[in-house]
Amino acid sequence: MELGPFNGEEVLSVRRMLDERSLRSHMSSLEMPLPAQWWVYIAPFSSYAGAMQQAKRLQKMGINGYPLFDENSPWKHAISFGVFKSEEAALRLLEEMKRKGIEGARAEIRSVTRTLFYMREASAERVSQLARIKAQFAGASLRQVSCPSSRSLVPGPADE
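Described in the following lines is the structure provided in the data block. Just so it is clear, the structure is predicted and the values come from calculations on it, not from any experiment.

### Notes on the overall build of the protein
Thinking step 1. A tally of regular secondary structure across the protein gives five helices and eight strands.
Thinking step 2. Taken against the 2.2 N^0.38 rule, which gives 15 Å for 160 residues, the C-alpha radius of gyration of the protein at 20 Å runs more than 25% over that of a compact globule.
Thinking step 3. Once the C-alpha set of the protein is aligned to its principal axes, its extents read approximately 60 × 30 × 25 Å.
Thinking step 4. For the protein, the proportion of contacts with a sequence separation of at least 24, taken over those separated by at least 6, is 79%.
Thinking step 5. Accessible surface computed for the protein: about 9,600 Å², of which carbon and sulfur atoms make up 50%.
Thinking step 6. Taking the average place of the 22 positive charges on the side chains of the protein and the average place of its 18 negative ones, the gap between the two points comes to 5 Å.

### Observations regarding the layout of surface pockets
Thinking step 1. A volume near 800 Å³ is recorded for the largest pocket.
Thinking step 2. Taken together, 25 residues line the largest pocket, and the ones lying closest to its centre are Asn7, Gly8, Glu9, Ser73 and Arg110.
Thinking step 3. Those elements that place two or more of their residues in the lining of the largest pocket are strand E1 (2–7), helix H1 (9–20), strand E3 (37–42), strand E5 (79–84) and strand E6 (105–110).
Thinking step 4. Class assignment for the residues of the lining of the largest pocket results in 11 nonpolar, eight polar and six charged.

### Describing the sheet that holds E1
Thinking step 1. Pairing is antiparallel in the open sheet, where four strands are placed in the order E2-E7-E1-E8. If you trace the sheet from one side to the other, it starts and ends with strand E2 (27–33) and strand E8 (141–143), each paired once. Between one strand and the next, the sheet's axes are offset by a mean angle of 25°, whatever the strand orientation.
Thinking step 2. Two strands pair when backbone bridges link them, and E2 and strand E7 (residues 113–119) are joined in this way by seven bridges, in the antiparallel orientation. Residue pairing in the sheet places leucine 30 in a bridge with leucine 116 of E7.
Thinking step 3. Across the face of the sheet, H1 comes into contact with E1, E2 and E7 while running at roughly 140° to E1.
Thinking step 4. Relative to the sheet, helix H4 (residues 124–134) contacts E1, E2, E7 and E8, its axis offset from that of E8 by approximately 160°.

### Concerning the sheet that holds E3
Thinking step 1. One open sheet accounts for four strands, arranged E4-E5-E3-E6; its pairing is antiparallel. Because the sheet does not close on itself, it has two edges, and the strands there are strand E4 (66–67) and E6.
Thinking step 2. Alignment of E4 against E5, held across two bridges, turns out to be antiparallel. Its bridge partner lying in E5, proline 67 is registered against isoleucine 79.
Thinking step 3. In the packing of helix H3 (residues 87–99) onto the sheet, the strands contacted are E3, E5 and E6, and the crossing angle to E3 comes to about 20°.

How each quantity is defined
Residues numbered from 1 in each chain as written. Predicted model: local features only at pLDDT ≥ 70, side-chain atom pairs only at ≥ 80, totals over all residues. Heavy atoms only, no water. Helix = DSSP H or I, 4+ residues; strand = E, 2+ residues; numbered from the N terminus. Rg over C-alpha atoms; globule rule 2.2 N^0.38 Å. Contact = heavy atoms within 4.5 Å. Areas by Shrake-Rupley, 256 points an atom, 1.4 Å probe, with all protein chains shown as cover. Lys, Arg positive; Asp, Glu negative; His and termini not counted. Charge placed at Lys NZ, Arg CZ, Asp CG, Glu CD. 1 Å grid on protein atoms, 1.4 Å probe; cavity = no way out; pocket = protein on both sides within 12 Å on 5 of 7 lines; lining within 4 Å. Points joined across faces, edges and corners; volume = space filled by probe spheres on them. Nonpolar A, V, L, I, M, F, W, Y, C, P; charged D, E, K, R; others polar. Pairing = 2+ DSSP bridges. Axes fitted to C-alpha atoms, helices over the stretch in contact; angles between N-to-C directions.

Such coordinate-based values are descriptive only and should not be taken to indicate function.
The following block contains the structure:
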């Protein structure tokens, strides 16, 4: 069975949930780096209300930004303008923002790693437990696949 993909803080949450269900010792993981992307944002505000107020002001200027509100993120109350495949696309947006008098926006390269968890020979009860974990993450899937070769799998991260 394959569960995922997950990134960043999600991986830690999945590991905790696997521990709570005594499943982690039955799992292996595979980490897949994705191509770097460029994120355009304004640094976090002191409150969600401040970020919303700024986002509304920017929207009136024709720039759509979305305040972040994940309580566990260092980017809580930042305003995100999107993630771009190329530096050129990110810089075009920054230039447009500068022309409109918007200060403080930045572009930053982001490296993302996706993690997939694998279980060989999963019983019906274990599959049911994995399905309950999957249900808590939008974009995650649980599917029956041929597991990757043991050389590809990383037993450590699922067991850390």
